[in-house]
Amino acid sequence: MRGYLTGLFLHSDDIFTDHSMATSIKPFSPDDQTEITRLEAALTAAGVGTWEFNPEKDEFKLCERFKAIFGFPFQDTISFNELLQQISEEDRELVRSRTEQAFEKGDLFDFEFRIVREKEGEPVWLNFKGQGSSTAHTLAGIVTDVTKFIKTTQETAEVTRQLRAHEAELNKTIHRFESLIAEAPVAICLFTGKDMIVELANAPMVGYWGKDMSVIGKPLREAMPELDGQPFHQLLADILVTKQAHVAKDARVDIEVDGVLGTYYFDFTYKPLLDENGEVYTIINISIDVTQRVLAERALRESENKLRSIVNTAPVAIGLFVGRDLIIEMPNQSFIDIVGKGPDITGKSLSQVMPELESQAFLEILDEVYTTGKSYKTSGTQVEIVRNGELTQNFYNITYTPIFDENGEVYAILDIAIDVTDKMQEQMKVEESQMQLLTLFEQSPAAIAVIAKEDLTFTMANPFYARLVGRTVDQIVGKPMRKALPELDGQGFDAILERVIETGEPFIATEQSVDLMKDNVLQTLYVNMTYQPKRDLDGQVSGVLVVATDVTTQVVSRQKIEDAENTLRGAVELAELGTWQIDLSTGMIEVSDRLKHWFGLGEEALITPEHVFDAIYQQDLDRIQKKIATAIADHGDQIYDIEFTIKPGEKRNERVLHTQGLVLYNAEKVPYKVIGSVQDVTVQQKMMLALEQQVQHRTEELESTNEELAAINEEYMALNEDLSLSNDLLSRSNENLQQFAYIASHDLQEPLRKIQSFGDLLKNRFAGNLGAGAEYIDRMQASAKRMSSLIDDLLSFSRVSTNKDLTTPVNLDEVISSALLDLDLAIQQSKAKLSIGALPTVHGDSSQLVQLFQNIISNALKFQEPDSTPVINISARTIPSQDLPESVRPARQCEAYYQIDVEDNGIGFDERYTDRIFQIFQRLQGRSQFTGTGIGLAICQKVAINHGGAITANSQVGQGSTFKVFLPVE
């Protein structure tokens, strides 16, 4: 034991690191028995055990105090594994790893762990402190029981957690109260103190006040000075004393809103809230703006007084028919004149006063209005009336309006009649003129039609309009638009017509798309069209005049040009290129936004060469100008290709750019423009520079090694010669490597090839030096691979042409076989099970159809749960066109279609996204879960449309999917 203590304290400087005591405390002497005895007594009193571990011999020496602390009868020397057996299983690996680490590095260590023994049903925690000795090849340290300290720490943490939980709950309660007031649908605020500080106010209340949230925290007199002289300050002061709530209805308040003092009316409540001492600590104000109601009630009373005056002086005939017997009340003079029976008609039934109505429909109509409570209105209706003994036949605009009592029952009918006899006679003449005009319309070379207000019925259509919509005139005229042209349903034209009729405003559209059925095929046309309201003599809209011109050819041609431009623009964006062009006649330069950003240019409308050249280093600028001059002077398809560096500036960073350009010539072979693109190759250049620096570093290391080897004794000369030869070979290898790096940086022009090549070079040759940087190389490679796949898929998408010969018979059994052959490796790896039924022969392009089904089957193999076996069933059937799902609209109309189903047991998807999955670049899962570019299904849809068909899908999340392809039966 004495030797053990001696060894322990020989390492005491490593364990106890407070060297400030070194000059005041005499060093411990391992040869002094008195000091050893005193030390052991101190360790016993402090409850500190000591130990020493020799890993090479697997000897763990311990003292009696160590045994007492562990509560286990160890031998004086045990193996490390015997010690671990008395340590809690959960902490054994911790003790093992910390001990090994301390031995390998000679570090200090200090950690806690639990032992197998428990005390009163709770774990016993011990603390190990110590340090390894690189000279003695041992570990030495102390052990103490820290159970009470650990328990106290845990209890303190639990108390802290509970306090924080209580604090969080209190904050939630306060937040909920504030949110309740803020989100309340009525205006609420709180006033506190004698000065009535606005403690809280929600948005409706602040809106009533015509203020903003800055009023919170201010006294009410300061927040709303316009209330001075009004009763509200006194009301609030009284509530502080009486502690009684105050409720007001239709209270007038003068408030300044947007700088204007206005009068408003409110229903409001002042409610005092009392504290535990019964004192008012706040007053809650709840208000409702009733200004509109108060003003409306006033206006109603005024209007009732005016009504009788208006009826009596109205220029139209007005009378009231009371009860089912239609007793005449309140007839004005115009009504008496129309009836023609003298002034004594009040209090008599309508049938008694006007018996001539018995043979007409008006008495039945009035009874219907009385029974149903629904108004009746007619225009230009002929009425036969015996006036002053003579039968007259005049025309009237008539309105019968039911009048309801307080129970909602009809008790009278208001009759308003306007004599329009003169207007009707004029209208008949106008209609005769319109018929002549319609005859001219039918001979017009423009597509013209007239649609009546009632049911949007065609009353006229000329032959050009009939040909435009793929019908004959007889198939259109006299029919509502929904029946004559059912394919227009859902395209919005009926709503536009109704809006023109309702508002009387014309509708003009250019290049309006419309889907029409022509030659039994649903086609998309583009028209310039005008909907002009057609009015009668009263100025009322009675229909719509339609004038249309077919501009499909022009629109389709322009769209093809735009598609080509969009495709090129998309490729430029994917490659992160900048574009530029130089007008050789003016010297002006046009550049893309990305290039402006790189060069630090603003939004200048015109960019001169000086703007650009100012950002380029002079040595590069000389080469650029020489290259451009050479390209222009060659008078051919000269490609301008160069790399240069732009200088750092206030709005730009230093970048290495690679540009390519092409000189354009006019018909006279005179160059007039230079166009080109620019790519940022800064990253690639930095990678090349880093590679060259590593090569240089290795070369320098070898040269240093050679110098050291030269100083070794002559007996190693033979070995030195071999090493010198090796150094020469390695130097040549390094020179070759430098040449390769230079060539690679200039020859690998395509960005993806550069990224992949440099990535491979770094990983293969310097993997040991990259460390954690290897992960970034892998991510860079993965990104390059994804972009490569994306470009391939984009090319595939663009190559799905609609101009191929689609009349060739194609056996779908052979198509599926070809698709499965391409997917053979994926099928074998996933152990997929496929079931293929009898498939038909269709007309189309074999390569496109193979691509369609290969994409669908590939998705069925890919989108699977981990460790699941794909099960794919392929079947086909023939369905008539009327049985197609509502969401399926094939590109070509046929009597029947082949339905080919591809069913899988994959992860499925939410059917809300069915339309989305067929759009280009659309993905429902993250790229980290499943690879892909989001283009495959867009290709499938394009192939199906090219073949006159359609594609859709049914699915449930976790239940698999069924993709349905519809192809015409020829």
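Keep in mind that what you see is a predicted model, and the values were worked out from it rather than measured.

Peer 1: Please give an account of the overall build of the chain that cites residues and values.
Peer 2: Secondary structure assignment for the chain yields 31 helices and 33 strands. A total of 970 residues make up the chain; the buried ones form 38% of that total. Within the chain, contacts between residues at least 6 apart in sequence are counted, and of these 51% link residues at least 24 apart. Put simply, the chain shows about 56500 Å² of open surface, and 51% of that area lies on carbon and sulfur atoms.

Peer 1: Lay out the pairing of strand S1 (residues 48-54) with the relevant residues and their values.
Peer 2: Extensive coverage of S1 is indicated by the burial of 7 of its 7 residues. In this sheet, strand S6 (residues 138-145) lies alongside S1 in antiparallel orientation, the contact comprising 6 bridges. Bridge assignment links Gly 49 to a residue of S6, and that residue is Val 143. Taking the residues between adjacent antiparallel strands as the criterion, S1 and strand S2 (residues 59-62) are bridged by 4 residues, where Asp 58 takes a positive phi near 55 degrees.

Peer 1: I'd like a rundown of the pairing of strand S9 (residues 246-257), residues and numbers included.
Peer 2: Here 10 bridges tie S9 to strand S10 (residues 260-274), and the two strands are oriented antiparallel to one another. Within S10, the residue paired with Val 247 across the bridge is Thr 269. In textbook terms, the turn of a hairpin is the stretch between consecutive antiparallel strands, and for S9 and S10 this stretch comprises 2 residues, one of which, Asp 258, has a positive phi near 55 degrees.

Peer 1: I'd love a proper account of the side chain of Glu 226, names of residues and values included.
Peer 2: Here Glu 226 lies in the loop between helix H9 (220-223) and helix H10 (232-242). Owing to a relative accessible area of 13%, Glu 226 belongs among the buried residues under this scheme. Polar contacts involving the side chain of Glu 226 include one to the side chain of Lys 211, which spans 2.9 Å. Those residues in contact with Glu 226 that lie beyond four places of it in its chain are Trp 209, Lys 211, Asp 254, Ile 255, Glu 256 and Leu 261.

Peer 1: So, the confidence of the model for the chain: which residues are in play, and what are the values?
Peer 2: In the predicted model, the chain carries a mean pLDDT of 80, and 80% of its residues have values of at least 70. Note on residues 1-25: pLDDT under 50 across the span, and 39 contacts to partners over four residues away in sequence or across chains. Scored below 50 in pLDDT, residues 736-749 shows 23 contacts in the model against residues more than four places distant or in partner chains.

Peer 1: Describe in detail helix H22 (residues 618-633), supporting the description with residues and values.
Peer 2: Under the 1.5 Å per step criterion, the end-to-end length of H22 is 23 Å for 16 residues, consistent within 8% with the ideal 22 Å. Buried residues of H22: Asp 620, Leu 621, Ile 624, Ile 628 and Ala 631, and no others. One face of H22 carries all of its buried residues, which in axial projection span an arc of 100 degrees. Away from its buried face by more than 90 degrees, H22 exposes Gln 619 and Lys 626.

Peer 1: I'd like to hear about the sheet that holds strand S21 (residues 541-550), residue by residue, with values.
Peer 2: The strand order across the open sheet built from 5 strands is S18-S17-S21-S20-S19, with neighbouring strands paired in antiparallel fashion. Of all the strands in the sheet, just strand S18 (458-461) and strand S19 (507-518) have a single pairing partner and so form its edges. Here the strands of the sheet are splayed against their neighbours by 30 degrees on average, with no regard to which way each runs. Here strand S20 (residues 521-535) runs beside S21; their pairing, made up of 9 bridges, is antiparallel. Note on S21: the bridge partner recorded for Tyr 531 is Val 546.

Peer 1: Explain the sheet that holds S6 to me, using residue names and the numbers behind them.
Peer 2: Read from one edge of the open sheet, 6 strands run S3-S2-S1-S6-S5-S4, paired in antiparallel fashion. Each of the sheet's edge strands pairs with one partner strand only, and the pair in question is strand S3 (77-78) and strand S4 (108-119). Note that S1 and S2 share 4 bridges and pair antiparallel. Residue pairing across strands places Phe 53 opposite Phe 60, the latter belonging to S2. Contacts from helix H6 (residues 92-105) reach S1, S4, strand S5 (122-133) and S6 within the one sheet, and its direction differs from that of S4 by about 155 degrees.

Peer 1: How would you summarise the packing of aromatic side chains if you had to cite specific residues and measurements?
Peer 2: Counted by the stated rule, this structure contains 26 aromatic pairs. Ring plane angle 40 degrees and centroid distance 6.0 Å describe the contact between Phe 507 and Tyr 531, whose orientation is recorded as tilted. Linking Phe 507 in strand S19 with Tyr 531 in strand S20, this pair joins segments that are 24 residues apart in sequence. Among the aromatic residues, those joined into a ring-pair cluster are Trp 51, Phe 53, Phe 60, Phe 66, Phe 70, Phe 72, Phe 74, Phe 80, Phe 109, Phe 111, Phe 113 and Phe 128. Arg 467 extends its terminal NZ or CZ atom over the ring of Phe 464, reaching a point 4.5 Å from the ring centre.

Peer 1: Tell me about the packing of helix H27 (residues 812-822) against helix H29 (residues 846-862), and please be specific about residues and values.
Peer 2: The contact between H27 and H29 brings their axes to 8 Å, and the two run at 55 degrees. In terms of orientation, H27 lies oblique with respect to H29. Two packed elements cross with a definite hand, and for H27 against H29 that hand is right-handed. Two secondary-structure elements touch here, H27 through Leu 812, Val 815, Ile 816, Ser 818, Ala 819, Leu 820 and Asp 822 and H29 through Ser 846, Leu 849, Val 850, Phe 853, Gln 854 and Ile 857. A class-by-class count of the residues in the contact of H27 with H29 yields 9 nonpolar, 3 polar and 1 charged.

Peer 1: How would you explain the environment of Ala 466 if you had to name every residue and give the values?
Peer 2: Here Ala 466 is to be found in helix H16 (residues 463-468). In this structure Ala 466 comes out as buried when scored by relative accessible area, which is 3%. For the pair Ala 466 and Ala 447, spaced 19 residues apart in sequence, the C-alpha to C-alpha distance is 7.7 Å. Leaving out residues up to four positions away in the same chain, Ala 466 has contacts with Arg 471, Thr 472, Val 473 and Ile 476.

Peer 1: Hey, could you go over the environment of Val 146 for me, with residue numbers and the actual values?
Peer 2: Of note, Val 146 is situated in the loop between S6 and helix H7 (147-183). With relative accessibility at 14%, the residue Val 146 sits in the buried group. A C-alpha to C-alpha distance of 9.5 Å links Val 146 and Phe 113, two positions 33 residues apart in sequence.

Peer 1: Outline unusual backbone geometry, supporting the account with residue identities and numerical values.
Peer 2: The backbone phi angle of Lys 243 is positive, close to 60 degrees, even though this residue is not glycine. Structurally, the position occupied by Lys 243 is in the loop between H10 and S9. Positive phi, normally seen in glycine, also occurs at Leu 326, with a value near 60 degrees. Tracing the backbone through its elements, the reader meets Leu 326 in the loop between strand S12 (317-322) and strand S13 (327-329). Overall, the relative accessible area of 8% leaves Leu 326 in the buried class.

Peer 1: Mind laying out the environment of Asp 195, listing which residues take part and the relevant values?
Peer 2: Relative to the helices and strands, Asp 195 resides in the loop between strand S7 (187-192) and strand S8 (197-201). Here Asp 195 falls in the exposed class, since its relative accessible area comes to 54%. In this structure Asp 195 touches Pro 219 and Leu 220, once residues within four positions along its chain are discounted.

Peer 1: Requested: an account of the side chain of Asp 901, with residues and values cited.
Peer 2: Locating Asp 901 in the fold gives a position in strand S31 (residues 896-904). Residue contacts for Asp 901: discarding those within four places in its chain leaves Asn 873, Ile 874, Ser 875, Thr 962, Phe 963 and Lys 964.

Rules behind the numbers
Residues numbered from 1 in each chain as written. Predicted model: local features only at pLDDT ≥ 70, side-chain atom pairs only at ≥ 80, totals over all residues. Heavy atoms only, no water. Helix = DSSP H or I, 4+ residues; strand = E, 2+ residues; numbered from the N terminus. Buried < 20%, exposed > 50% of the residue type's maximum accessible area, 1.4 Å probe, protein only. Contact = heavy atoms within 4.5 Å. Areas by Shrake-Rupley, 256 points an atom, 1.4 Å probe, with all protein chains shown as cover. Pairing = 2+ DSSP bridges. Polar contact = N/O pair within 3.5 Å; in protein donor to acceptor, adjacent residues only side chain to side chain. pLDDT = per-residue confidence, 0-100. Expected span 1.5 Å × (residues − 1). Arc of directions from axis to C-beta. Axes fitted to C-alpha atoms, helices over the stretch in contact; angles between N-to-C directions. Phe/Tyr/Trp six-rings, centres within 6.5 Å; stacked < 30°, edge-to-face > 60°. Lys NZ or Arg CZ within 6 Å of the ring centre and 35° of its normal. Parallel < 35°, antiparallel > 145°, perpendicular 65-115°, else oblique. Left-handed = near helix turned anticlockwise from the far one by under 90°. Nonpolar A, V, L, I, M, F, W, Y, C, P; charged D, E, K, R; others polar.

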